[in-house]
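# An overview of the molecular structure
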Amino acid sequence: MLAPLLFVWPLSIAFTHYFANNVANYPYDQALREHVAAIARQVKLVNGKPVLTLPASARALLRADETDSVYFHVVTRDGKFLAGDKDLPIPAQFTEKSAIPGEIYLRDAEFNGQDLRFAYTYLAETEMPKERWIVVEVAETTEKRNQLANKIVASVILPQFIIIPLAVMLVWFGLSRGLRPLTRLRKTIETRDPGDLSPIATRRVPEELEPLVEAFNEMLERMKKNVEAQQRFVADAAHQLRTPLTGLKTQAQFAIRESDPEALRHAMRQIATGVDRAGRLVNQLLTLARTEGGGEPAQQRHEPLDLALLIREVVEDWVMLAIEKGIDLGYESEGPAMIMGNVFLLRELARNLVDNALRYTPTGGHVTCRVLHNASTVVLEVEDDGVGISEDQAELVFERFYRVDDATTEGSGLGLAIVQEIAMQHDSKASLRPNPVGLGATARVVFAAWYPPPPPLPPPDDFSELYRQSPPLGP
Ligand SMILES: Nc1ncnc2c1ncn2[C@@H]1O[C@H](COP(=O)(O)OP(=O)(O)OP(=O)(O)O)[C@@H](O)[C@H]1O
Ligand SMILES: [Mg+2]
């Protein structure tokens, strides 16, 4: 606040000076007018010639001023000297357009390096040509005026020397008092435990800061949820990993004790399957963590791609497995379906959906992958006629490690969580619904269709030429 004050101060001095001058001029101008009127009364026009009857005492009175020099002269309007102080400069021309005899005018001029203030009036008889009018002028140096103006300026500025420091002190005091709650808030936050995510009390917070603290508390709340989710995830992951590892250990101990080569081979095969399963789980956990954390640069890059083509490739990869399982795996599309997305992530998404459909459909079932598209959306559907899903499980299955039938089917319950995460990164949401007719379930993800940006418009044709050539319209 000091900077603007320091800027405003010189400005206020300049203004004060200007107005002080105006004020100081006023009374002295009045006196000068009276002088002019008095002298003008002593000038008589006899047959158009001026006759000055100024008594010596009057002249002495005119000179009697203590501080300023006073001069006067009588001249004709076109600049001929008639009487008074000879040295006083006569202007080349008195220039008022609508001068009226008897009226008093004011002007400023310089004389011998001194500023002079003039008051003058015209004397004329009727029928007298304008340039021969008589001008009576009284001039005065401006010492008194300057002194008065300076006094006014001083009486305004001097108190400011006391008022401004006082104002600064008061502002200082007020601001530091006003900011005290802010300092207190800062200390509260600074001294907080790093792990403390509880909301900040808004009781003693100033009104203006309440929205900020509330927003901050909301952020804390979200962070708390996030941290809890992370902790739960780590705990779940550890738990999930422990199961296959315990299994592996049991199988290994069993194999050590085994001497029959056939039984040993069987145990080793089981160990290999167990390692596969654990490896898959670790891979899924990694995928999920990467997708959530934004992933590597290759996974972040979104580009226009044909979803129909991508799904077709994924389906081709799974055909052999489907034949092995005796499931009819089909693919339907309506031609290219462009969306904006990431190839790696979308392939992962599709793989998980097809894997689920094949896994939860018994031999002899059908699985169909479909890419439909209309003007604004591209829809991916994976439909099966397998065990299906109940309405109340449909949302739950997207949670991590959630499995409907953990006893009889195999899996870690991460597939749909990964699918949802990837869908969210494509501003979409995945759903798994029971089929409206018949058995099975349909997984569905809706994407926004992508269109190439329109080419730049060609420069407008010059139609005026065309109009000129066309024949005029007849009636
Ligand atoms: N097409 C489907 N038909 C019926 N149930 C399904 C289908 N897809 C998923 N589910 C159910 O949702 C649950 C969660 O699926 P999710 O893919 O997340 O895990 P998972 O398949 O059990 O294990 P994995 O992580 O190995 O994929 C499954 O256990 C299954 O019960
Ligand atoms: Mg799955």
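The preceding data block contains the structure.
Reading the values: the criteria
- Residues numbered from 1 in each chain as written.
- Chains lettered and ligands numbered in written order.
- Predicted model: local features only at pLDDT ≥ 70, side-chain atom pairs only at ≥ 80, totals over all residues.
- Heavy atoms only, no water.
- Helix = DSSP H or I, 4+ residues; strand = E, 2+ residues; numbered from the N terminus.
- Buried < 20%, exposed > 50% of the residue type's maximum accessible area, 1.4 Å probe, protein only.
- Contact = heavy atoms within 4.5 Å.
- Areas by Shrake-Rupley, 256 points an atom, 1.4 Å probe, with all protein chains shown as cover.
- Lys, Arg positive; Asp, Glu negative; His and termini not counted.
- Charge placed at Lys NZ, Arg CZ, Asp CG, Glu CD.
- Axes fitted to C-alpha atoms, helices over the stretch in contact; angles between N-to-C directions.
- Left-handed = near helix turned anticlockwise from the far one by under 90°.
- Nonpolar A, V, L, I, M, F, W, Y, C, P; charged D, E, K, R; others polar.
- Near = heavy atom within 4 Å.
- Polar contact = N/O pair within 3.5 Å; in protein donor to acceptor, adjacent residues only side chain to side chain.
- Pairing = 2+ DSSP bridges.

### A closer look at the overall build of the protein chain
Summing up its helical and strand segments, the protein chain has 11 helices and 14 strands in all. In terms of principal-axis extent, the alpha carbons of the protein chain reach across some 155 × 90 × 35 Å. Sorting the 475 residues of the protein chain into buried and exposed places 32% on the buried side. For the protein chain, the share of sequence-separated contacts (at least 6 apart) that also reach a separation of at least 24 residues comes to 63%. Counting only carbon and sulfur atoms, one obtains 60% of the accessible surface of the protein chain, whose full area is about 30300 Å². Both charge centroids of the protein chain, one from 50 positive and one from 63 negative side chains, sit 9 Å from each other.

### Comments concerning the packing of helix H9 (residues 343-359) against helix H10 (residues 415-425)
Interhelical geometry of H9 versus H10 gives an angle of 145° and a closest axis separation of 9 Å. Crossing of H9 over H10 shows left-handed handedness. Here H9 contributes Leu345, Leu346, Glu348, Leu349, Asn352, Leu353 and Asn356 to the contact with H10, which in turn contributes Gly415, Leu416, Ile418, Val419, Ile422, Ala423 and Gln425. Of the residues contributing to the contact of H9 with H10, the split by class is nine nonpolar, four polar and one charged.

### Quick word on the site of ligand 1
Taken together, 21 residues surround ligand 1, and among them Arg280, Tyr360, Arg403, Leu414 and Leu416 come closest. Separating an oxygen atom of ligand 1 from a side-chain N or O atom of Arg280 is a distance of 2.7 Å. Alone, ligand 1 offers 590 Å² of accessible surface; in the complex the protein occludes 97% of this. For the shell around ligand 1, the secondary-structure elements that each account for two or more residues are helix H6 (261-292), H9 and H10. Here the shell around ligand 1 takes three residues from H9, the largest share from any one element.

### Some remarks on the sheet that holds strand E5 (residues 104-111)
Reading across from one edge, E4-E3-E7-E6-E5 is the order of the five strands in this open sheet, with antiparallel pairing throughout. Every interior strand has two partners, whereas the edge strands, strand E4 (81-84) and E5, have only one. Pairs of neighbouring strands in the sheet enclose a mean axial angle of 25°, with direction left out of account. Across three bridges, strand E3 (residues 70-76) lies against E4 in antiparallel orientation. Bridging from a neighbouring strand, Val74 pairs with Ala83 of E4. Against the sheet, helix H1 (residues 2-42) makes contact with E3, E5, strand E6 (114-123) and strand E7 (134-141), and its axis sits at roughly 45° relative to E6, the strand it touches most.

Coordinates in, geometry out; function isn't part of it.
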